[in-house]
Amino acid sequence: MKTINCFCGASFEEDIKDKIDTDKDPIQISRILDGSFMSFTCPKCGKTLRPEFPLILYGNNIDLEFIPEIDRNRFLTGRKKTTSMQVVIGMGELKEKFLIRKYNYDDRIIELIKLYLLKKADNDLDITIMFSGKESSRIIFHIYGLKEGEMGISKLPESIYNNIENNLEDKLKDPGIAEFLSLPYRSVNTISTEVL
């Protein structure tokens, strides 16, 4: 059981697991994708709360540690360690990883496309780029931080993905690309636009 504190001053307990076997509890993947995962309603004021608690997800081809966004800097600076094969930080990245799996994409290629989009952006902006799905033959990315309070959308032809996929082994010969795509944390969010 974990205690959840609401902004109204109420506290309540919820049964929140530290580990989830996605083979035995596949509904949790659906909940991650539809946004209802780690979503709770305050019994006093009715507000929807979305706290983040550390979690291990494991199962068929899954060995993933979810790290709350509040612990991002601790992980990136090496003060928080992991024993899992892969790490995601924050609910947005968790949903994104399962969306990538849903469409049978390779997350390395998705991250390379996000890197390309990041390089095209203004270096002075704090930008977050998230894969958000597919529409016919276009892959869709949501871009946060281009304008305050707004989300940009980039729809790219799937042929860009296919081209990178066909040349991925050559790209991985570049030590910088290989390091960027290495596990456990494979995300363009490790890169500052200032160093691009």
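In the block above lies the structure referred to throughout.
Residues numbered from 1 in each chain as written. Predicted model: local features only at pLDDT ≥ 70, side-chain atom pairs only at ≥ 80, totals over all residues. Heavy atoms only, no water.

A few words on helix α4 (residues 107–120). The terminal C-alpha atoms of α4, which comprises 14 residues, lie 20 Å apart, in line with the 20 Å expected from a rise of 1.5 Å per residue. Here α4 lies mainly inside the structure; ten of its 14 residues are buried. D107, I109, I110, E111, L112, I113, K114, L115, L117 and L118 are the residues of α4 that are buried. (Helix = DSSP H or I, 4+ residues; strand = E, 2+ residues; numbered from the N terminus. Expected span 1.5 Å × (residues − 1). Buried < 20%, exposed > 50% of the residue type's maximum accessible area, 1.4 Å probe, protein only.)

Glancing now at the nonpolar core. Counting residues in each nonpolar core, the largest one holds 25 residues, and the members touching the most others are L112, I113, F131, I139 and F141. At the level of secondary structure, the elements contributing two or more residues to this core comprise α3 (90–102), α4, β9 (128–135), β10 (138–144), α5 (158–166) and α7 (175–180). Sorting elements by how many residues they give to this core places α4 first, with seven residues. Contact partners of F141, with chain neighbours within four places excluded, come to I110, I113, K114, L117, I129, M130, F131, S132, G152, I153, S154 and L156. Among the nonpolar cores identified, the runner-up in size contains 21 residues, and A10, I16, I20 and I32 belong to it. (Core = buried A, V, L, I, M, F, W, Y, C linked by side-chain atoms within 4.5 Å. Contact = heavy atoms within 4.5 Å.)

So, on to the pairing of strand β7 (residues 62–67). The buried fraction of β7 amounts to five of the six residues, a majority that puts the element mostly inside the structure. Pairing between strand β6 (residues 55–59) and β7: five bridges, direction antiparallel. What sits directly across from L57, in β7, is L64. Between β6 and β7, which pair antiparallel and follow one another directly, the connecting turn spans two residues, one of which, N61, has a positive phi of 60 degrees. Summarising the sheet, β7 and strand β8 (residues 86–89) pair through four bridges and their orientation is parallel. (Pairing = 2+ DSSP bridges.)

Further remarks concern the packing of aromatic side chains. One pass over the full model with this rule turns up six aromatic pairs. Centre to centre, the rings of Y103 and Y105 are 6.2 Å apart; their planes meet at 25 degrees, and the pair counts as stacked. With centroids separated by 4.5 Å and ring planes inclined at 45 degrees, the aromatic side chains of Y105 and Y161 adopt a geometry described as tilted. A residue pair is termed long-range when its members are at least 10 positions apart, and Y105 in the loop between α3 and α4 and Y161 in helix α5 qualify at 56 residues. For Y161, a relative accessible area of 3% corresponds to the buried category. Following the ring pairs from residue to residue traces out a cluster consisting of Y103, Y105, F131, F141 and Y161. (Phe/Tyr/Trp six-rings, centres within 6.5 Å; stacked < 30°, edge-to-face > 60°.)

Omega for the bond connecting L183 with P184 falls within 30 degrees of zero, at 15 degrees, which places this linkage in the cis form. A positive phi angle is found at M38, which is not glycine, with a value near 50 degrees. Here M38 is to be found in the loop between α1 (27–34) and β4 (40–41). The exposure class of M38 is buried, given its relative accessible area of 5%. Of note, the phi angle at N104 is positive, near 55 degrees, even though the residue is not glycine. Within the element layout of this structure, N104 appears in the loop between α3 and α4.

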